[in-house]
Amino acid sequence: YIGGFDGTSNVLAGMLFGMKVSGTHAHAFVQSFTSLGDLRSSDIKVPDKSRSVNFVEIVQKYMRELAFMNTNQGELAAFISYCQ
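This section reports on the structure supplied with the text. (Residues numbered from 1 in each chain as written. Predicted model: local features only at pLDDT ≥ 70, side-chain atom pairs only at ≥ 80, totals over all residues. Heavy atoms only, no water.)

1. A short note on helix α4 (residues 73–83)
Each α-helix turn comprises 3.6 residues. Residues three or four places apart therefore point the same way. Here is the rule we go by: The buried label goes to any residue with under 20% of its type's maximum accessible area, the exposed label to any with over 50%, and the partly exposed label to all in between, with areas taken from a 1.4 Å probe on protein chains only. Secondary structure elements follow DSSP: runs of H or I no shorter than four residues count as helices, runs of E no shorter than two count as strands, and numbering proceeds from the N terminus. Contact criterion: two residues are considered in contact whenever any of their non-hydrogen atoms come within 4.5 Å of each other. Residues adjacent in sequence count toward polar contacts only when both atoms are side-chain atoms; beyond that, a polar contact is any pair of N or O atoms within 3.5 Å, and within protein one must be able to donate a hydrogen and the other to accept it.
Every buried residue of α4 is listed here: G74, L76, A77, A78 and I80. Turning to α4, the residues buried within the fold contact α2 (27–31) and α3 (55–65). The backbone nitrogen of G74 lies 2.8 Å from a side-chain oxygen of the residue at the head of α4, namely N72.

2. Describing the pattern of salt bridges
Spelled out, the test is: Basic side-chain nitrogens of Lys or Arg form a salt bridge, by our definition, when they fall within 4 Å of a carboxyl oxygen of Asp or Glu.
Under the defined criterion, the tally for this structure stands at two salt bridges. Between K20 and D6 there is a salt bridge; the shortest N-O distance is 3.5 Å. Taken together, the positions of K20 in the loop between α1 (11–17) and α2 and D6 in the segment before α1 put the pair 14 residues apart, joining distant regions of the chain. The exposure class of D6 is exposed, given its relative accessible area of 52%. Residues E65 and K61 are paired through a salt bridge, measuring 3.6 Å at the closest nitrogen-oxygen approach. Placement of both E65 and K61 in helix α3 is noted, with a separation of four residues, approximately one turn of the helix. Under the relative-accessibility criterion, E65 is labelled exposed at 53%.

3. Observations concerning the packing of aromatic side chains
Rules: In summary, the pairing rule links any two rings of Phe, Tyr or Trp, Trp by its six-membered ring, whose centres are within 6.5 Å, and it sorts them by plane angle into stacked for under 30 degrees, edge-to-face for over 60 and tilted for everything else. Either the NZ atom of lysine or the CZ atom of arginine qualifies as a charge over a ring when it sits within 6 Å of the ring centre and within 35 degrees of the ring normal.
Under the criterion given, the structure shown has one aromatic pair. On the basis of an interplanar angle of 70° and a centroid distance of 5.2 Å, the ring pair of F29 and F33 is categorised as edge-to-face. Given the relative accessible area of 34%, F29 is considered partly exposed. Owing to a relative accessible area of 12%, F33 belongs among the buried residues under this scheme. Here the basic side chain of K61 rests over the ring of Y62, its NZ or CZ set 4.6 Å away from the ring centre.

As structure tokens, then:
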């Protein structure tokens, strides 16, 4: 590959040219969220999958406890969605 790189972070390039995909996460995924209202669900399954909990409430609780309320809501929604 050009410049000695052994892969790409671009998923489409990886698919089209048979390159290994690695590196950064998909920024377009993060940018597709603008608020917590963009989430399909507020819930996430517990590890044994026996039940679901309101993950958004849990995240917001810890944000308050840590005094970390100044965050981009779209980015927060994207990372919550990724966890789901």
